[in-house]
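The lines below spell out each chain.
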Amino acid sequence: MPILEVTGLGISFGGLRAVDDLNMTIEKGSLVGLIGPNGAGKTTVFNMLTGVYRPTDGGIRLDGENLIGKKPDEISAAGIARTFQNIRLFSKMTVLDNVKVGLHNHIKYPLFGSLFHAGSYAKKEKEMDEKALEILKVFDLDSNSDLKAANLPYGKQRKLEIARALATAPKLLLLDEPAAGMNPNETAELMETIQLVREKFGVTILLIEHDMKLVSGICEYIYVLNFGRELAQGTPKEVLNNQEVITAYLGE
Amino acid sequence: MKRKLISKKNIISVAIIAVLYILIQVLINGGYLSRQMMSVIIPLCYNVIMAVSLSLIVGVLGELSLGHAAFMSIGAYSSALFTTKFELPEFIALPLALIIGGLCAAALGFIIGIPVLRLKGDYLAIVTLGFGEIIKSIFNFLPITGGSKGLSGIPIYTSYRNFGLVFLITAVIVLLIKNLLDSRHGRVFAAIRDNSIAAQATGIPVGTYKTMAFVIAAFFAGIAGVLYAHNVGILKPGNFDYNMSIEILVMVVLGGMGSIGGSIIAAVILTLLPELLRSFADYRMLLYAIVLIALMLFNNSSLKKKLIEKRQMSRQEKSEKEGE
Amino acid sequence: MDIFSSLAEQLINGLRTGSIYALIALGYTMVYGIAKMINFAHGDIIMVGAYLLFLLGVGKLGLPTPVVILLAIILCAVLGMLIEKIAYKPLRNAPPLAVLITAIGVSYFLQNFVLISMGATPIPFASMIKVPSLTLGTITVSGITLATLVVTFVCMAGLIFFVQRTKTGAAMRAVSEDRGAAELMGINVNKTISLTFAIGSGLAAVAGLLFISQYESLQPTLGALPGIKAFVAAVLGGIGSIPGAIAGGIILGIIESLTKAYISTQLSDAISFSVLVLVLLIRPAGIMGKMKNEKV
């Protein structure tokens, strides 16, 4: 059963057609790659899926629910979480608090509790701490929980962003170039973590990468984007052998 | 990660408050304070409330507001109208006045919340300044508020004789805001400041929470206004101009953005400073201006960065030695 | 007097006040465009300019009027550059709020410096502009109004020519577009910012001349009100945009004059600010401002 259905998705900025007639069907529990050369429109697709941009035409359905016209926070509530290409952490807050912001809509107490530290405040905060630490542990970040997010090394910042996204209990996780700026060792480790995340959290993952070899290692299915249009789709093997894909990547 | 209602932190805060209270009471009753100093004791309290509540907007939420005095004026006028018109006994009138002042200010905070949803940075700053000036002109215009002659004959409920109560109100407000920062709501305010796009993508309805922060801050500023009105006894719209908003903003910035303790210290110093510099008469404002510029330059200078680095280095060395 | 000529007279009054606002707003907007800061002390440069006109002329030195005006403009320009160098330049990479507070400090400094050296009591200062008034049918336009309109028009035209047509103007536009890139292209950013402050402050001196010719009284706080109004005008027009500042200033002046004449003097500020709030709600970056969206 598909979790995400994208039909005829397109967006124009002024006269520029950034994405055109994109169709995607993503099965529940799968790990799918979205690849393409720089400027192909991959991040624009993410921005449409998460409500940052409103598509000019086409439809987006998550688990059958229409997402067009919804705001980013409503889409998060509907079950899509994301990371950003240029890391966007709550940099002055601690690692733990970053994840706890992700839990905000799931473990609740009223404003009264916040002001007076009374009622269910203590109990719920404890619950949040435990849950956040549990998520951080998956990323080996639990020992850094009191550190300011800005003071984390780069690789760990990327991981923290994924941890925060997972705290919102998403059905679909969008990762925008999670391995950008990492060395091959770190990348290999991250790819393992991503696979672990899928199993442990039972989440469907769509990830952007422009390094094709990387994606083909872990993704079951790949969409290739070029100049805002779908160039090819299929299993990693099919895509890697596609002549058009090779041309788009290597040039004539 | 212990979370108890009576945590160590809370006990310390309560202890500090109690000691402060006793100290000031001894000073007042022992006759150690000059008349001049007695007269700033209550202003000290409402300035602390103003600074701490503005800190919530500027320091924690990260939005620049140049109209905080407007909330104070609404609190002051609405409560003063209530106490002068109804003439209830003080023990009923004052609590009701506090609630009325707070709620009226909060209502204005909600209205200001509307442009806050659409505007950012400098544009928001000028709109908050504009709101302040609009409110001021309206008070100047309305017959019921006495126009530019002002509203007089307000019962004096919050003079230094009532210091205990005013101090208690101030302490409670400071504690409530401190509590708020360490809660799911406070975390969301800080998250919006750090990265509002990420906050929204994390499921936070950014607009709702921004409005909420403005309403809460306005409520407390309104209470400060009630204390003000019933301390001075006469209200003039000119008292709540943008210079006052800026004075409070300076307290928040000098106190170190988002630090409640810092805001309190800055509010106390900046309230006392003009009194202490009174012997310099004309030169005090000039001095104030120079100190302000010098502090801002120092705060952002490479000299300060070097000093901080040095301190961290020596700390590190110390902890390393201890580890051996 | 019939309704038509009274309306026409109010419009001309509004145009006069508005063009002074526009002149000051240009300083705000240019500095904002290039240094990305609200120069809160800008209004006080007007005040310093007015005092200089007094001291150089009838007040102390008794120099001939054209020399007085020229010297006041030059001195204000130098003051603007000096303030930038001492107070703002070290904060170029500091958070915007730190710069704002520093600017407020500079504003307090100027006001209180003048207060100490010149005293708080208003000093009467007769208009330096002596132009005969003009009568068109039933409408009389005062000499000061005529001079104000001509002077502001010349200043604006000169400024637009300078920014659009000269190499230095192009450098200014480049720095305001992207400071980093301009620096890489070999533009001396420090010099450009310095020049912007000089021009803005020079214009403020001109505005000071026009303003004081109308009010004929010197006070250390005289710059605050036109300063704030001009700031509102700059934001109304879209801060950072030169045509925006001009349009914003004139619109604000006319609104103010009409409300003072037909609604209420006391409410005129409230109405001006309400217009600002409404315009910003519809166009969050002002009438001619460009909205910059953060790239995600």
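Residues numbered from 1 in each chain as written. Chains lettered and ligands numbered in written order. Predicted model: local features only at pLDDT ≥ 70, side-chain atom pairs only at ≥ 80, totals over all residues. Heavy atoms only, no water.

Looking at this structure, how should I read the overall build of chain C?
Looking only at helices and strands, chain C features 11 helices and four strands. Radius of gyration (C-alpha) of chain C: 19 Å, near the 19 Å computed for a compact globule of 296 residues. Sequence-distant contacts in chain C: of pairs separated by 6 or more residues, those separated by 24 or more amount to 74%. In the structure as shown, chain C presents an accessible area of about 12,800 Å², 69% of it carried by carbon and sulfur atoms. If you average the places of the 18 positive and of the 11 negative side-chain charges in chain C, the two averages end up 9 Å apart. (Helix = DSSP H or I, 4+ residues; strand = E, 2+ residues; numbered from the N terminus. Rg over C-alpha atoms; globule rule 2.2 N^0.38 Å. Contact = heavy atoms within 4.5 Å. Areas by Shrake-Rupley, 256 points an atom, 1.4 Å probe, with all protein chains shown as cover. Lys, Arg positive; Asp, Glu negative; His and termini not counted. Charge placed at Lys NZ, Arg CZ, Asp CG, Glu CD.)

Hey, could you run me through the nonpolar core in this one?
Note that soluble globular proteins tend to have their nonpolar side chains buried in a common cluster. Counting 206 residues, the largest nonpolar core has B:Leu235, B:Leu249 and C:Phe40 as the members making the most contacts within it. B:Leu235 has contacts with B:Ala76, B:Tyr77, B:Ala80, B:Gly150, B:Leu151, B:Ile154, B:Tyr228, B:Ala229 and B:Phe240, leaving out every residue within four places of it along the chain. One finds A:Ala81, A:Leu152, A:Ala167 and A:Leu207 within the second-largest nonpolar core, a separate group that totals 44 residues. (Core = buried A, V, L, I, M, F, W, Y, C linked by side-chain atoms within 4.5 Å. Buried < 20%, exposed > 50% of the residue type's maximum accessible area, 1.4 Å probe, protein only.)

What am I meant to see in the state of the cysteines here?
Covalent bonding between the sulfur atoms of two cysteines is what defines a disulfide. Applying the stated criterion across every chain, the model contains zero disulfides over all chains. Of all cysteine sulfurs, the one in C:Cys155 lies closest to C:Cys76, which takes part in no disulfide; the gap is 13 Å. (Disulfide = S-S within 2.5 Å.)

Hey, could you run me through unusual backbone geometry in this one?
Generally, phi is negative for residues other than glycine and the peptide bonds are trans, each holding for most cases. One non-glycine residue, A:Asp140, adopts positive backbone phi at about 60 degrees. Tracing the sequence through the fold places A:Asp140 in the loop between α5 (121-138) and α6 (154-167). A positive phi angle, close to 55 degrees, is found at C:Glu216, a residue other than glycine. Its place among the elements puts C:Glu216 in the loop between α8 (189-215) and β4 (217-218).

What's the story with the packing of helix α2 (residues 35-60) of chain B against helix α3 (residues 68-86) of chain B in this structure? I'm lost.
Each pair of packed helices gets described by two things: the angle between the helix axes and the distance between those axes. All names here are of chain B. Relative to each other, α2 and α3 sit at 130 degrees, their axes nearing to 10 Å. As summarised for this structure, α2 and α3 are arranged oblique, according to the angle between their axes. The hand of the α2/α3 crossing is right-handed. Note on element contacts: α3 touches α2 through His-68, Ala-69 and Met-72, opposite Tyr-46, Met-50, Ser-53, Leu-54 and Ile-57. In terms of residue class, the contact of α2 with α3 is made up of six nonpolar, two polar and no charged. (Axes fitted to C-alpha atoms, helices over the stretch in contact; angles between N-to-C directions. Parallel < 35°, antiparallel > 145°, perpendicular 65-115°, else oblique. Left-handed = near helix turned anticlockwise from the far one by under 90°. Nonpolar A, V, L, I, M, F, W, Y, C, P; charged D, E, K, R; others polar.)

Looking at this structure, how should I read the sheet that holds strand β7 (residues 172-176) of chain A?
Paired through backbone hydrogen bonds, the strands of a sheet run either parallel or antiparallel to each other. Residue and element names in this part refer to chain A. Strand order in the open sheet made by the six strands is β6-β7-β8-β3-β9-β10, with mixed pairing throughout. Strands at the two margins of the open sheet, each flanked by one partner only, are β6 (80-82) and β10 (229-234). Pairs of neighbouring strands in the sheet enclose a mean axial angle of 20 degrees, with direction left out of account. Summarising the sheet, β6 and β7 pair through three bridges and their orientation is parallel. By the bridge assignment, Ile-80 is partnered in β7 with Leu-172. Sitting on the sheet, helix α1 (residues 42-49) is in contact with β3 (31-35), β6, β7, β8 (204-209) and β9 (221-226), with an inclination near 145 degrees to β8. Strand contacts of α6: β6 and β7, with the helix running at about 160 degrees to β7, the strand carrying the most contacts. (Pairing = 2+ DSSP bridges.)

I would appreciate a short explanation of the side chain of C:Arg16 in the present structure.
All names here are of chain C. Within the fold, Arg-16 resides in helix α1 (residues 3-35). Buried within the structure, Arg-16 lacks any salt-bridge partner; Glu-256 is the closest side chain of opposite charge, at an N-O distance of 9.3 Å. Here the side chain of Arg-16 touches Thr-145 through a polar contact of 3.1 Å, side chain to side chain. Look past the residues within four positions of Arg-16 in its chain and what remains in contact with it is Ser-142, Thr-145, Thr-148, Leu-149 and Gln-214. (Salt bridge = Lys/Arg side-chain N within 4 Å of Asp/Glu carboxyl O. Polar contact = N/O pair within 3.5 Å; in protein donor to acceptor, adjacent residues only side chain to side chain.)

Help me understand the packing of aromatic side chains, please; the structure alone is not making it clear to me.
Think of a pair of aromatic rings as described by two things: how far the centres are apart, and how the planes are tilted against each other in angle. Overall, the coordinates contain 22 aromatic pairs over all chains when judged by the stated rule. Considering the side-chain rings of A:Tyr109 and A:Tyr121, the 5.4 Å spacing of their centres and the 80 degrees angle between planes classify their relative orientation as edge-to-face. In this pair, A:Tyr109 sits in the loop between α3 (95-102) and α4 (111-116) while A:Tyr121 sits in helix α5, placing the two residues 12 residues apart along the sequence. For the residue pair A:Tyr109 and A:Tyr121, the accessibility class agrees, reading buried in each case. Taken together, the ring pairs in this structure connect B:Tyr46, B:Tyr77, B:Phe139, B:Tyr228 and B:Phe240 into an aromatic cluster. The positively charged end of A:Arg164 is found above the aromatic ring belonging to A:Phe90, 4.6 Å away from the centroid. Note that B:Arg184 overlies the ring of A:Tyr109, its terminal NZ or CZ placed 5.7 Å from the centroid. (Phe/Tyr/Trp six-rings, centres within 6.5 Å; stacked < 30°, edge-to-face > 60°. Lys NZ or Arg CZ within 6 Å of the ring centre and 35° of its normal.)

Would you mind showing me how to read the packing of helix α3 (residues 65-88) of chain C against α8(C) here?
Residue and element names in this part refer to chain C. For the pair α3 and α8, interaxial distance at closest approach is 7 Å and the crossing angle is 135 degrees. Taken as axis vectors, α3 and α8 run oblique relative to one another. Here the hand of the crossing between α3 and α8 comes out right-handed. Facing α3, whose interface residues are Ile-69, Ala-72, Ile-73, Cys-76, Ala-77, Gly-80, Met-81, Glu-84 and Tyr-88, α8 presents Ile-193, Ser-194, Phe-197, Ala-198, Ser-201, Gly-202, Ala-205, Val-206 and Leu-209.

Can you help me understand the sheet that holds strand β4 (residues 57-62) of chain A in this one?
All names here are of chain A. Taken in spatial order, the four strands line up as β2-β1-β4-β5 in an open sheet, and their pairing is antiparallel. The open sheet has two edge strands with one neighbour each: β2 (16-27) and β5 (65-66). Each of β1 (2-13), β2 and β4 is contacted by α1, which is oriented at about 115 degrees to β1, the strand it contacts most.

Looking at this structure, I do not really get the interface of chain B and chain C. What am I missing?
Interfaces are often sized by the accessible area lost when the parts come together. Contacts between the two partners involve 38 residues from chain B and, on the opposite side, 46 residues from chain C. Carbon and sulfur atoms supply 79% of the area that chain B and chain C bury against each other, a total of about 3,800 Å² over both sides. Looking at the side of chain B facing chain C, the largest losses of area belong to B:Arg118, B:Tyr123 and B:Ile126, adding up to 16% of the total buried there. At the junction of chain B with chain C, the criterion picks out zero salt bridges. Summed over the shared surface of chain B and chain C, the number is three residue pairs in polar contact (both at pLDDT 80 or more). Of all elements in the fold, only α4 (90-118), α5 (121-141), α10 (242-254) and α12 (283-299) of chain B reach the threshold of two or more residues within the side of chain B that touches chain C. In terms of residue count, the dominant contributor to the side of chain B that touches chain C is α5(B) (12 residues). Tallied by class, residues from the side of chain B that touches chain C come to 29 nonpolar, five polar and four charged. (Buried area = accessible area lost by both parts, 1.4 Å probe.)

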